[in-house]
Amino acid sequence: MPPSPTQYHIVPLDPHAHLYEVSVTVVDPDPEGQRFRLPTWIPGSYLIREFARHFVFVRAEAESGEVAITKDAKDVWRVAPCFGPLTVVAHVYANDLSVRTAYLDGTRGYFNGSAVFLCPIGREHARCFVDIAPPDAAFGTWRVATTLPAVVAAPYGFGRYSADDYDELIDHPFETGTFATATFIAGGAQHDIAVTGEPRADLPRMAQDLTRICQWHIDLFGGAPGSTAPVDRYLFQVLAVGDGYGGLEHRASTSLICGRDQLPRPGTEAITDDYLTFLGLASHEYFHTWNVKRIKPEAFVPYDLSRENYTRQLWAFEGITSYYDDLALVRCGLISPARYLELVGRTITSVLRTPGRMTQSVADSSFDAWIKFYRKDENTPNAVVSYYVKGSLVALALDLTLRSTGNATLDDLMRALWVRHGHPGMGVPENGIERLASELAGYDLGDFFTRYVHGTEEIPLARLLAEFGVAVQLRAATGPKDRGGKPARGDTLHSTLGAGIAANLALTHVSPGSPASRAGLSSGDCIVAIDGIKATTEMLTSLLQRPSDGKVLSMHAFRRDELRTFDVVLETAPLDTAWLDLDVDAVASSVARRVAWLGPHA
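Below: a short report on this structure. The structure presented is a predicted model; accordingly, all values stated were derived computationally and were not measured.

This brings us to the packing of aromatic side chains. Scanning the entire structure with this criterion turns up 35 aromatic pairs. Ring geometry for Phe221 versus Trp418: centroids 6.2 Å apart, planes at 70 degrees, classification edge-to-face. With Phe221 in helix 3 (residues 203-222) and Trp418 in helix 10 (residues 410-421), this pair connects stretches of sequence that are 197 residues apart. By relative accessible area, Trp418 is classed as partly exposed at 21%. Ring centres of Phe287 and Tyr324 lie 4.9 Å apart, and the angle between their planes is 15 degrees; this geometry places the pair in the stacked category. With Phe287 in helix 4 (residues 273-287) and Tyr324 in helix 5 (residues 314-331), this residue pair connects regions lying 37 residues apart in the sequence.

Considering the arrangement of structural elements, one finds Ile371 in the loop between helix 7 (362-367) and helix 8 (380-383). A C-alpha to C-alpha distance of 39 Å links Ile371 and Asp549, two positions 178 residues apart in sequence.

Moving on to unusual backbone geometry. The omega torsion across Gly84 and Pro85 is 0 degrees, close enough to zero to call that bond cis. The residue Pro85 is located in the loop between strand 7 (76-79) and strand 8 (86-93) in this model. Of note, the amide linkage connecting Val301 to Pro302 takes the cis form, showing an omega dihedral of -5 degrees. On the secondary structure map, Pro302 appears in the loop between helix 4 and helix 5. Look at Val292: it is not a glycine, yet its phi comes out positive at around 120 degrees. Structurally, Val292 can be placed in the loop between helix 4 and helix 5. A residue is classified by how much of its surface remains accessible, and Val292, at 1% relative accessible area, is buried.

Let us now look at the sheet that holds strand 13 (residues 143-145). Taken together, the 4 strands give an open sheet; going across it, the order is 9-10-16-13, and neighbouring strands pair in antiparallel fashion. Where the open sheet ends on each side, the last strands, each with one partner, are strand 9 (102-104) and strand 13. Strand-to-strand, the axes of this sheet are offset by a mean angle of 15 degrees, without reference to chain direction. In terms of strand pairing, strand 9 meets strand 10 (residues 108-111) through 3 bridges, oriented antiparallel. Within the sheet, the bridge partner assigned to Ala102 lies in strand 10 and is Phe111.

A word on the pairing of strand 28 (residues 562-569). Each regular strand displays side chains that alternate between the two surfaces of the sheet. Here strand 27 (residues 552-559) runs beside strand 28; their pairing, made up of 8 bridges, is antiparallel. Considered in strand 28, the bridge of Leu553 is made with Val568.

To continue, consider a nonpolar patch on the surface. Together, Val56, Phe57 and Tyr93 make up a nonpolar patch on the protein surface, roughly 260 Å² of accessible area in all. Mapped onto the secondary structure, Val56 falls in strand 4 (residues 55-62).

The subject of this paragraph is the sheet that holds strand 3 (residues 35-37). On the basis of which strands lie adjacent, the open sheet formed by 4 strands has the order 6-7-3-11 and antiparallel pairing. At either end of the open sheet lies a strand with only one pairing partner, and these are strand 6 (69-73) and strand 11 (119-120). Bridge count between strand 6 and strand 7: 4 bridges; the pairing is antiparallel. Looking at strand 7, one finds that Ile69 is bridged to Val79.

With that out of the way, let us pick up the nonpolar core. Phe236 and Trp597 are the most contacted members of the largest nonpolar core, which totals 159 residues. No other element matches the 11 residues that helix 5 contributes to this core. Leaving out residues up to four positions away in the same chain, Phe236 has contacts with Phe184, His191, Asp192, Ile193, Ala194, Leu210, Cys214, Thr254, Leu256, Ala282 and Tyr286. Core analysis: the next-biggest nonpolar cluster, separate from the first, contains 22 residues, Val510, Leu521, Ile527 and Phe566 among them.

If you check helix 9 (residues 389-405), its first and last C-alpha atoms are 25 Å apart, about what 17 residues at 1.5 Å a residue would give, namely 24 Å. Within helix 9, 14 of the 17 residues are buried, which leaves the element mostly enclosed by the surrounding structure. Of the residues trailing helix 9, Gly406 is marked for its positive phi of about 80 degrees.

In this section: the state of the cysteines. According to the stated counting rule, one finds 0 disulfides in the structure shown. Cysteine Cys128 shares no disulfide, and the gap to the nearest cysteine sulfur, in Cys119, comes to 7.3 Å. With no disulfide of its own, Cys258 has Cys214 as its nearest cysteine by sulfur position, at a separation of 15 Å. What makes Cys258 buried here is its relative accessible area of 0%.

Basis of the calculations
Residues numbered from 1 in each chain as written. Predicted model: local features only at pLDDT ≥ 70, side-chain atom pairs only at ≥ 80, totals over all residues. Heavy atoms only, no water. Phe/Tyr/Trp six-rings, centres within 6.5 Å; stacked < 30°, edge-to-face > 60°. Helix = DSSP H or I, 4+ residues; strand = E, 2+ residues; numbered from the N terminus. Buried < 20%, exposed > 50% of the residue type's maximum accessible area, 1.4 Å probe, protein only. Pairing = 2+ DSSP bridges. Axes fitted to C-alpha atoms, helices over the stretch in contact; angles between N-to-C directions. Patch = residues over 30% accessible without salt bridge, like charges linked within 9 Å, V, L, I, M, F, W, Y side chains within 5 Å. Areas by Shrake-Rupley, 256 points an atom, 1.4 Å probe, with all protein chains shown as cover. Salt bridge = Lys/Arg side-chain N within 4 Å of Asp/Glu carboxyl O. Core = buried A, V, L, I, M, F, W, Y, C linked by side-chain atoms within 4.5 Å. Contact = heavy atoms within 4.5 Å. Expected span 1.5 Å × (residues − 1). Disulfide = S-S within 2.5 Å.

Shown next as structure tokens:
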């Protein structure tokens, strides 16, 4: 006999104090004392986040009245033996304006189930019902945006929703408040957009562009134009803020945070750089509908949300996704090949300016994500490489390598992964991608993976791209913000000092062996004067744009509250700024490869 359903209820208890009241009811609790567990992390963000720390009050009630409840562990509560039904009520503090946990104030509510819903241990596979209650009458215009199936609720309405089990329950975040919506069809499935925080956004334009992106991804995995989506309905939850960027994937939705300027305005036809950033983010998270939500590392089948789940494959599940997020934009015709190559140039530049690429492989970066990638400090650029950023370049190199043989492409690899591992319980073994790539190529690609995935050798992108009629140029930076055209998202300010520099001229990190390091400068030092003149960003930019080999700058900087002097001997700026161009002199075979890779306009 299947277990009786688990019933949840969540209500905005005090929006101005950021408090939800969340209850869970079990009809037939464990007679030896029902235990409840809360996840410690959320899939897609590989860091132990200790959601239980936001539980500020917990009590248990049964038919006989209040029942004793104690904590067995940081994330586990035990209720004394009692007759059901048993209800545990918690007050949860929700003031994290991110896509990972929960938020509530007088303007908006948002939550991931992993941050608010206790799981009755032993009943993980029981059906779940959740009642979403509205705030009081003062919030009468609020609505609900989620892809969890409704049982008793109008479209975008408060009411009862259902999930087949706890895993499904926590994989459908809820957005509540006043938001603008739009709908489009891709792959035969309804896709909704719910935008909070920017009423001026051109939603029809967003729907039009996202239709092309989503259909391209659907066709990629389906293997033919007009393929069908793996979901019946999909939702883009978009929160627009003054300055923000990020996303988190779910099985039938994604939560996105973006800057308001990244959303299009009515009457603007061009794809601005800001809007391009948003489209790349949306493309990235949509690709995850297949790659990581359904095609999973074996280590994630099933997820154990009580502890770290280690894998060396995040370079593929995030890096390959990062490769396809912008590639989809050129393949579906939203941007030109030249503009796409500019984006690739920025990515190469970002990696070249990360000393950690010579220390940590993308496989090790994947394994250590739990302790390093999400816990950045002043030494991170020197010790860590991003499995997202460098992972995307490994994916690019793998695609070009496969295409050069003429036997397969990365598209073929992703479709093969979808066919073989896109089913529940069919996780990808740790060496599964390497074996499958070699199988499709028709020869052993072990040397490629040894060098560039498990090793730290420089990826020979210039040579690989030349075979596709693309020329790679490397030059010195012309200023602290030079990223090979436009500033790359998420990068620190860079200069020929070999140091990251914040807007207040404080050093965010110092690279070993750099002019700054040899002079004795350290992260945290704040430059206040250069050659006796008050330092400014403009001054530093001007000095670094001039020929500088051997020039000595006398810098005054505060280290904590102590003023110190450093003599910095400058040297010729490194060639760490990449620019990619279509090679107009490329031979016909290279042009043909390029067109097959980027599309007919390449």
